[in-house]
Amino acid sequence: MQLIVHGGAGSAPDDPESRQRALDEAAATGTGEPTPAAAVVAAIGVLERAPRFNAGVGGAIQDDGTARTDAGIMTDEREVGAACSMPGVRDAGRVARAVMNETPHVLVAGDHAVSLAEGFGVETEVDLTTERTRERWDDLSPSDGNDVEERLAWVREQFGGSDTVGAVAVDDGEIAAATSTGGRWCALAGRVGDVPQVGSGFYATPAGGASATGAGEDIARMTLSRLAVERLEAGDGPETAAEHAIDELATETDGGAGIIVLDDEGRVGSAYNTEAMQTSTAKQS
Ligand SMILES: N[C@@H](CC(=O)O)C(=O)O
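Reading the values: the criteria
- Residues numbered from 1 in each chain as written.
- Predicted model: local features only at pLDDT ≥ 70, side-chain atom pairs only at ≥ 80, totals over all residues.
- Heavy atoms only, no water.
- UniProt positions renumbered as here; feature names shortened; annotations may be inferred.
- Helix = DSSP H or I, 4+ residues; strand = E, 2+ residues; numbered from the N terminus.
- Rg over C-alpha atoms; globule rule 2.2 N^0.38 Å.
- Buried < 20%, exposed > 50% of the residue type's maximum accessible area, 1.4 Å probe, protein only.
- Lys, Arg positive; Asp, Glu negative; His and termini not counted.
- Charge placed at Lys NZ, Arg CZ, Asp CG, Glu CD.
- Contact = heavy atoms within 4.5 Å.
- Polar contact = N/O pair within 3.5 Å; in protein donor to acceptor, adjacent residues only side chain to side chain.
- pLDDT = per-residue confidence, 0-100.
- Pairing = 2+ DSSP bridges.
- Axes fitted to C-alpha atoms, helices over the stretch in contact; angles between N-to-C directions.
- Near = heavy atom within 4 Å.
- Areas by Shrake-Rupley, 256 points an atom, 1.4 Å probe, with all protein chains shown as cover.
- Nonpolar A, V, L, I, M, F, W, Y, C, P; charged D, E, K, R; others polar.

Going by an unreviewed UniProt entry, the protein chain carries the name Plant-type L-asparaginase and comes from Halococcus saccharolyticus DSM 5350. Under the heading Catalytic activity (unreviewed entry), UniProt records this for the protein chain: "L-asparagine + H2O = L-aspartate + NH4(+)".

Have a look at this one:
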C-alpha cells in the first residue's frame, strides 16, 4: 500500500511541525489498511480528529454559526460516494464511503446525510468546534438580519480559509482518492464547495487518483482533480499532471489551490499556487 496525504493549500501555517506529525501519522495509518478505499478513509479520519485541520473537528463555521462537513471518495472502478452539509458529523469520509458502498447514489446532503450516517453507525451530534474556532467565530460580527444583500455583503468580505484534508492510495494497481472538509469560513449556510463533487475535489481512474484543496468554487469550475487524472491517462507523470492542473486553474481563475496525484505505479506528484501545502507519503509492502 502506498499513500499520499495533504493538509490543505493556503497560507503558511504557524505550527508546521505538529501539522506534519499529524499528516505523517495519517499516512502511516492508511498504509495499514487492506484496501486503498479503506486506506484513504482511515488516513483522512486521523485528520478529521486533529483539531488543527479544516475537516471534522476544527472545521470552518458557516454564516449561521454552524460547522458542516463534506467528503467524497472514488476508486479506479468508478465507484463514487459523497456526503455534504452535515452538522455534527466528524467522520465525513466514513459517510462518503457508506454512500459509495451501501447506496445506489453518489451524493447525499444535509439532514438526510446525517440520518444516513447514524444508520451506518457513524457518530452524530459531535461538537465540531474547538477553542480556536469558537474564538475566531466570536471575533466576527455576522449580519443577524434577514436582509439577503446585507448577509451576502458580509459573506463576501469574510469568506475564505483552507486546511482541508485529502488522501490518495494505490495497492497492486487498485486506486482510491478521498477528500474531507469543513468548507470555507463564513460561507452562506448550506454552501457546498468542490470537496464532495466528483471530478473537482477528488477523482480516480485506473491511471491514478487526485485530491484537491483550496478555493472550492474555482476548483469546481475547473473540475481540477479530473483535469490532473486526465493528464495521467494521456501519459504524463504525476508531477507534470499536478503542475498542469494548477497552471490551468491559475490561467482560468483567480483562485489559489493545491493538488496531490498518485499514479497506478505508486509515483507521487503535487503542486500548489498558494503559499504552502503540506503533504506526507508512506509505503508498506
Ligand atoms: N476546497 C475547500 C476548502 C479547502 O480546501 O480548504 C472548500 O472550498 O470547501
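The rest of the description comes next.
Asker: Is there a simple way to explain the overall build of the protein chain in this structure?
Answerer: Regarding its fold elements, the protein chain presents 9 helices and 11 strands. Here the C-alpha atoms of the protein chain give a radius of gyration of 17 Å, agreeing with the 19 Å that 2.2 N^0.38 yields for 285 residues. Principal-axis analysis of the C-alpha atoms gives the protein chain an extent of 55 × 45 × 35 Å. In the protein chain, which comprises 285 residues, the proportion classed as buried is 59%. Charged side chains in the protein chain number 21 positive and 49 negative. The centres of these two groups are separated by 1 Å.

Asker: Before we go on, may I ask you to explain the UniProt feature "binding site: substrate" (unreviewed entry) in the protein chain in this structure?
Answerer: Annotation from UniProt places "binding site: substrate" (unreviewed entry) at Arg191, Val192, Gly193, Asp194, Thr213, Gly214, Ala215 and Gly216. Looking at where Thr213 falls in the secondary structure, it is placed in strand S8 (residues 208-214). Sequence-distant contacts of Thr213, defined by excluding residues within four places in its chain, comprise His6, Gly8, Ala9, Thr164, Ile219, Ala257, Gly258 and Met277. A polar atom in the side chain of Thr213 sits 3.1 Å from the backbone nitrogen of Ala9. Examined against the element boundaries, Gly216 turns out to sit in helix H7 (residues 216-222). Judged by relative accessible area, Gly216 falls into the buried class, the value being 1%. When near neighbours in sequence (up to four residues on either side) are disregarded, Gly216 contacts Arg184, Arg191 and Asp194.

Asker: Got a minute to help me understand the confidence of the model for the protein chain in this structure?
Answerer: Low-pLDDT portions of the prediction should not be read for the details of their coordinates. Summarising the model, the protein chain shows a mean pLDDT of 96, and 100% of its residues fall at 70 or more. In the model output, the complex is listed with pTM 0.97 alongside ipTM 0.97.

Asker: In this structure, what is going on with the environment of Gly256? I would like to understand it.
Answerer: Checked against the element boundaries, Gly256 lands in the loop between helix H9 (238-252) and strand S9 (257-263). Here Gly256 is in contact with Gly214, Ala215, Asn273 and Thr274, once residues within four sequence places are set aside.

Asker: What is the right way to read the sheet that holds strand S10 (residues 268-272) from this model?
Answerer: The strands making up a sheet associate through hydrogen bonds between their backbones, and the pairing can be parallel or antiparallel. The sheet built from 4 strands is open, its strands ordered S7-S8-S9-S10 with antiparallel pairing. On the outer flanks of this sheet lie strand S7 (202-205) and S10, each paired with one strand and no other. Looking at each pair of strands side by side, their axes are set apart by 10° on average, direction ignored. Two strands pair when backbone bridges link them, and S8 and S9 are joined in this way by 7 bridges, in the antiparallel orientation. Bridge pairing in S9 places Ala212 opposite Ile259.

Asker: What should I look at first to understand the site of the ligand in this one?
Answerer: Around the ligand, the neighbouring residues are Asn54, Ser162, Asp163, Thr164, Gly183, Arg184, Arg191, Asp194, Val195, Thr213, Gly214 and Gly216. Between Asp194 and the ligand, the recorded distance is 2.7 Å, taken from a side-chain N or O atom to a nitrogen atom. A distance of 2.7 Å separates an oxygen atom of the ligand from a polar atom in the backbone of Gly214. Here the ligand has 270 Å² of accessible area as a free molecule, and 100% of this is covered by the chains. Partitioning the shell around the ligand into residue classes produces 1 nonpolar, 7 polar and 4 charged.

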